[in-house]
Amino acid sequence: MLKLKFHTDLIECGTDEAGRGCLAGPVTAAAVILPDHFENEILTDSKQLSERKREKLKPIIEQEAIAFGVAHIMMEEIDQINILNASILGMHRSIDSMLGTLSRKRIPQHILVDGNKFRPYPDIPHTCVIKGDGKYLPIAAASVLAKTERDYFMERIHEEYPMYNWKKNKGYPTKEHREAIRKYGITKYHRKSFRLLPEQYELDFDLKVNRKTS
């Protein structure tokens, strides 16, 4: 089982993001504070879990967590500030959301961050942990919430543009997704700063925009 804390004597939250490598949709981040008694033998990095297990874990995390927050950073903002900055901003905003539900006595004293890049959050020290979602329960819990919430978003916009099959590929650069971009062009949900096709120079964003018709 994963470790519950990095500093056993501090209130800690874990934070992680999902969707960083996608061609469409937001990058989604979550932050979670787990209670000291929390245990779960199947909770780990969301990428190592089946969709069924993530769906089983989501309500457990939400019910047992002391607090949690989730934030989407949308495509336009990703294109403006780049995906690394957007991922960090998402984690900050998820912490903001979580803190809004807490009393002063329960504010985290330390942040566990998945990965090796982060900007200091005001007044709370942090530690970056490479592959932390497979090492610490709070980060793993955040990874599950971020992944499930982002998947829900992609399933909703799939109904608007079903030809890209986002319900299945969730916006990742699968062969099917790229073939759909080549055939239909891009949508308002695509990240225009990303290399959407290997032959990117052939894709004219001004002319090949797939606009939903009513």
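Residues numbered from 1 in each chain as written. Predicted model: local features only at pLDDT ≥ 70, side-chain atom pairs only at ≥ 80, totals over all residues. Heavy atoms only, no water.

> I'd love a proper account of the layout of surface pockets, names of residues and values included.
By volume, the largest pocket amounts to about 350 Å³. If you go around the largest pocket, you meet 21 residues; those closest to its centre are D16, E17, A18, R20 and K47. Those elements giving two or more residues to the lining of the largest pocket turn out to be β1 (12–18), α3 (83–99) and α4 (137–158). Sorting elements by how many residues they give to the lining of the largest pocket places α3 first, with 4 residues. Its residues assigned to classes, the lining of the largest pocket shows 5 nonpolar, 7 polar and 9 charged. (1 Å grid on protein atoms, 1.4 Å probe; cavity = no way out; pocket = protein on both sides within 12 Å on 5 of 7 lines; lining within 4 Å. Points joined across faces, edges and corners; volume = space filled by probe spheres on them. Helix = DSSP H or I, 4+ residues; strand = E, 2+ residues; numbered from the N terminus. Nonpolar A, V, L, I, M, F, W, Y, C, P; charged D, E, K, R; others polar.)

> Please give an account of the packing of helix α1 (residues 51–64) against α4 that cites residues and values.
At a minimum axis distance of 9 Å, the contact between α1 and α4 shows a crossing angle of 115°. Between α1 and α4, the angle is such that the two are roughly perpendicular. Once α1 is placed against α4, the crossing between them reads as left-handed. Contacts between α1 and α4 involve E51, R54, E55, L57, K58, I61 and E62 on the former and, on the latter, A141, V144, L145, K147, T148, E149, D151, Y152 and E155. Classifying every residue of the contact of α1 with α4 gives 6 nonpolar, 1 polar and 9 charged. (Axes fitted to C-alpha atoms, helices over the stretch in contact; angles between N-to-C directions. Parallel < 35°, antiparallel > 145°, perpendicular 65-115°, else oblique. Left-handed = near helix turned anticlockwise from the far one by under 90°. Contact = heavy atoms within 4.5 Å.)

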